[in-house]
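Residue-level structure breakdown
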Amino acid sequence: MGNGAGDAVVVLEAVTKDYPLGKTTVHAVRGVDIRLERGEFAVLAGPSGSGKTTVLNLIGCVDVATSGKVIIAGRDTKLLKESERTRLRLETLGFIFQSFNLIPVLDLYQNVEFPLLLRKDIDKAERKRRVLELVERVGLTGQMKQRPGELSGGQRQRVAIARALVTRPAIVLADEPTANLDSATGQSILELMRQMNRDGTTFLFSTHDPVVMAAARRVIRIADGKIADQGFGANPSAGAAAAHAH
Amino acid sequence: MGILLRIALRNLRLHWVRTLIVGFLLTVGTWLVVVGQGAIDAIHAGMQRSVVDTLSGHLQITSGAAKDDLELYQSAAIAVPDLGKIADFGKVKSVLQSVPEVDAVIPMGLGRSIVWGASSIETKLAELRRSINDGTSDKRPALIAHVRAILKSMTGDLDKLQKVASDTKETDAQKADLARANSDAFWQEFDKAPLDALEFLENRISPLGVQSGFYFFNYVGTDPGAFAKNFKLFRMQSGEMIPEGQRGFMFNSNYYERFVKHRTARRLDEIKEARELTGATIALDENLKRMVEHNKAQVSQITEQLDPVKADEVKVLLQKELGSTEGELSKLLVSFLAVDDDNFQRRYDFFYKEIAPRIRLYAYMVGDTISLYGQTKSGYPRAVNVKVWGVFRYEGLEKSGLAGVYNVMDLMSFRDLTGLSEPVSAEELASIKAQAKITDIPREKAEDELFGAGTEVVTAADNKTFDDLAGRDLAGMRKLAEAAQNAKFSQADLEAGPVVNIAVFLKGAQASAPGTSAAGDAPLAKATLIDAEQLEVSRLKVVDALKKAGFDMKVLPWSSAQGPLVGGLAAGISIFFYVIVGLIFFVAFIVILNSLLMATMERTQEIGTIRAMGAQRGYVIRMFAIEGAAMAVIFGGLGLGLGALTVIGLGASGVPATSEILFFIFGGRELHPLLDVGHLAVAFSVIVVVTLVSTLIPAIAAARIPPIAAMNAKE
Ligand SMILES: Nc1ncnc2c1ncn2[C@@H]1O[C@H](COP(=O)(O)OP(=O)(O)OP(=O)(O)O)[C@@H](O)[C@H]1O
Ligand SMILES: [Mg+2]
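Treat the numbers as computed from the prediction; the structure is a model and nothing was measured.

**Section: the packing of aromatic side chains**
All names here are of chain B. Enumeration over the complete set of coordinates arrives at 28 aromatic pairs over all chains. The interplanar angle of 35 degrees and the centroid separation of 5.7 Å between the aromatic rings of Phe344 and Tyr348 together place this pair among those described as tilted. Of the two residues, Phe344 and Tyr348 both sit in helix α16 (residues 344-355), four residues apart, roughly one turn of that helix. With relative accessibility at 0%, the residue Phe344 sits in the buried group. Since its relative accessible area comes to 13%, Tyr348 is described here as buried. Among the aromatic side chains, those forming a connected cluster through ring pairs are Phe217, Phe249, Phe251, Tyr255, Tyr256, Phe259, Tyr362 and Tyr364. Directly above the aromatic system of Trp389 lies the positively charged group of Lys387, at a separation of 3.8 Å from the ring centroid.

The structure is reproduced here in structure tokens:
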């Protein structure tokens, strides 16, 4: 496991997640240990149904583990009340969704600004500064007044990235952010995320696309709800997994 | 907050069909609350005016021993309520006037008499009697001709009756009387002793005539001067007030028009009213059609009243008017009265110009004398003759049947008629009998003794000519009755005696009458009416003063004194209104609830996303609440604005009363709803509560959407 707990923003210890399914139980995650340091740019890779989304939801505090520990920014999520977990999401986490999930009735600017409006500690001027900066960084300054419905898929995901980053979260989670995009657009989105990562934001996203995996610095492999590979360093299994995915 | 409002407004715009449906309901609901309340307030004021300023005053006082409740407008009841009596009005009055709040005190008694409508023979005999008394002999031949024509038709009627009657003995006697009256010999003798002949005709023949039904005359016995002065809607319509210190009767114009007027004329009036008031047409309105048919079927009511000369005049006029050569008057009248929408107005005018002056337009006219029959509490029949002095109306309420219930009579006649001045209890009666050494009076004799104003036993006088009638000095009795009818009295007599109830007007309440302006129905400011709290305070002071003076009395506010009918009506209108408003808002509630629940499901991912991004549950609830509030403000505001405009508009133009009962409820010819800031506040509160409550359930459902809902890929 990791060396030195100080900088870890995400720590999963022996985490399991069971879903009741009729009379049976689905063991979606069966004892996972993951540790992400600040500034990491990691991919969670695995075949369909392997538990990628489940793990991301646990880290994203939108779901709670059946057993084990999920520690986000030093806080054990199991000990938190629902409202406190919500607060943790607001202050620490950013989400990029597979289907972008922009608020349809708001324009681009307002969508990016939205998470800041949930925070009481950021004034109007600061909000504007941050939104404009991020919109510029995702290259959509010209489309500021457009609604999500008037944007392309790639543009929408850029808006979503800007929105995820506008609160300056410690961790950005993205569940298959490129799955709904063509490969060229997916590449540019990936590139954008990497740029953002340079500022120190930790990124964790899931994929089963080898091209995406190739872009990551660390590829955590998951299969049948268990970590197959923590993906440290030049792990020879990376290529094998990529080959396997093909 | 800004962003939530923006989201809310955008959502409203996005789902514009839903927004319009909900918005329509909310607007209509709010509009209705504003207008309805304005109308209900005006109705309360109107009803107060209709009750207070026609009959009740602000307070009504009855004896504490009253067995029944005072129900001024309980006209449907057959029996006059037993209200006991207030033995000495004057004493109570002075106690009442010592209360500073009391403005006027009016003595009253409510009663009802059956009056048999005069048959055509009675009416003609009365005219004949008048011509004999006046000594005007020029009209007499025509009158006699008319009487004889009626007698002939009565003989025919009696023949028909005899065929179906079981007791032929009685009809045989009647036939004999009629034969005698019809004989030339009788009329040759007539001029020799016309009054005796008249007595025979009036007593033996008149009862055989077909009476034109009977009337229930409701009356309030009162001090006519005080009554006219204090009941602010009172106006004289024709004739004159009963002079001070004199006995008499005044018709209520509504009663007079509806029940005393010639039926044919009345029906024509009703057709005219319906056409003007509600725009009904004879062609389409079954009721009007029926009235036309009745008029056609009852032309005898006109022909009977025309003596041969007048009948001829009318025949010629009708022939000309109708361009007809028909020689029979009744056939001409049938085709004349077969009115339609095109010729109605012309025929109506013709009727009043040519026919009405030749017939008796009202069964009782100013100057006539009415015999009112009543019964004392102890059960003795009484009769009082009263002169009709005039016809009064209630300003604005001329068409209200309720306001038309009571005619006015002087209090002295009322006391005689109802035996109010006499002891009522069995013990009292027994003690009087003992004093007078009267052991028992058979009912039939009691009638003689107590009949009319006469308590003296009328002594028999010889009457050779009409021996059947011997044993009664009929002319003497008639004179006695006339003397009683014309007897004057002083204000002190009037005040010192007993009354049944007392109307009290309070100070501080300005006239609620619309004034005497030509416009009649100036909009009535709410402030001019006495409000319930002020009334209650004054009422308690009156109660207190009476108690201190040792009187046991019931003091009722006008709202209770009017009886359940009117109060129930007001309550009914309010309830109807609240049910309608309730229904509209219930539908709005269901539609909002339903559409927002659907919207919640549609927006599951969006809400999940917002939650995932760190919005608390409360934020989601607020999001929905603001959407509801936005609807409430937009459509509630629209409804308030439209409602206020409607009320102001209606307040200025007035809502015309289109049915008989509405005149009473409106307190006049028009209702003028009043805009009140309180109404707007109530309406707005209602709409806010309705929208918020209907938003709450979907909002809670939305707040339960877990953030994980954001993760479910949709595309
Ligand atoms: N809410 C749930 N109820 C029941 N079973 C679930 C639920 N969510 C996930 N699972 C099951 O848990 C397992 C892991 O699912 P998960 O969505 O994490 O896989 P995944 O790796 O994200 O797959 P994919 O690549 O298809 O998105 C699967 O077998 C799935 O059917
Ligand atoms: Mg998944």
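**Re the side chain of Asp229(A)**
Residues and elements named next belong to chain A. Residue position: Asp229 is located in strand β10 (residues 226-229). Buried and unpaired, Asp229 has Arg221 as its nearest opposite-charge partner, separated by 4.4 Å. Among the polar contacts listed, one links the side chain of Asp229 to the backbone nitrogen of Gly231, at a separation of 2.7 Å.

**Considerations on the confidence of the model for chain A**
Residues and elements named next belong to chain A. When pLDDT is averaged along chain A, the result is 87; 92% of the residues meet or exceed 70. Across residues 1-5, where pLDDT falls below 50, the model places six contacts with residues more than four positions away in sequence or in other chains. Under a pLDDT of 50 for its full length, residues 235-246 has, in the predicted model, eleven contacts with residues more than four places off or in other chains.

**Focus: the sheet that holds strand β8 (residues 202-207) of chain A**
Residue and element names in this part refer to chain A. An order of β6-β7-β8-β3-β9-β10 is seen for the six strands of this open sheet, with the pairing classed as mixed. Each of the sheet's edge strands pairs with one partner strand only, and the pair in question is β6 (93-96) and β10. On average, each strand axis in the sheet is inclined to that of its neighbour by 25 degrees, with strand direction left out of account. Summarising the sheet, strand β3 (residues 41-45) and strand β9 (residues 218-223) pair through four bridges and their orientation is parallel. When the sheet's bridge partners are listed, Ala45 is paired in β9 with Arg221.

**Quick word on the interface of chain A and chain B**
Taken together, the contact between chain A and chain B spans 30 residues of the former and 25 residues of the latter. Carbon and sulfur atoms make up 62% of the area that chain A and chain B hide from each other, which totals about 2500 Å². Taken together, the links from chain A to chain B amount to one salt bridge. Ionic pairing is found between Arg611(B) and Glu82(A), a salt bridge with its closest N-O pair at 2.4 Å. In this structure, the connection of chain A to chain B is made through ten residue pairs in polar contact (both at pLDDT 80 or more). Secondary-structure elements contributing two or more residues to the side of chain A that touches chain B are α2 (82-92), α3 (108-117) and α5 (153-165) of chain A. Ranked by residues supplied to the side of chain A that touches chain B, first place goes to α2(A) with six residues.

Definitions and limits used
Residues numbered from 1 in each chain as written. Chains lettered and ligands numbered in written order. Predicted model: local features only at pLDDT ≥ 70, side-chain atom pairs only at ≥ 80, totals over all residues. Heavy atoms only, no water. Phe/Tyr/Trp six-rings, centres within 6.5 Å; stacked < 30°, edge-to-face > 60°. Helix = DSSP H or I, 4+ residues; strand = E, 2+ residues; numbered from the N terminus. Buried < 20%, exposed > 50% of the residue type's maximum accessible area, 1.4 Å probe, protein only. Lys NZ or Arg CZ within 6 Å of the ring centre and 35° of its normal. Lys, Arg positive; Asp, Glu negative; His and termini not counted. Salt bridge = Lys/Arg side-chain N within 4 Å of Asp/Glu carboxyl O. Polar contact = N/O pair within 3.5 Å; in protein donor to acceptor, adjacent residues only side chain to side chain. pLDDT = per-residue confidence, 0-100. Contact = heavy atoms within 4.5 Å. Pairing = 2+ DSSP bridges. Axes fitted to C-alpha atoms, helices over the stretch in contact; angles between N-to-C directions. Buried area = accessible area lost by both parts, 1.4 Å probe.

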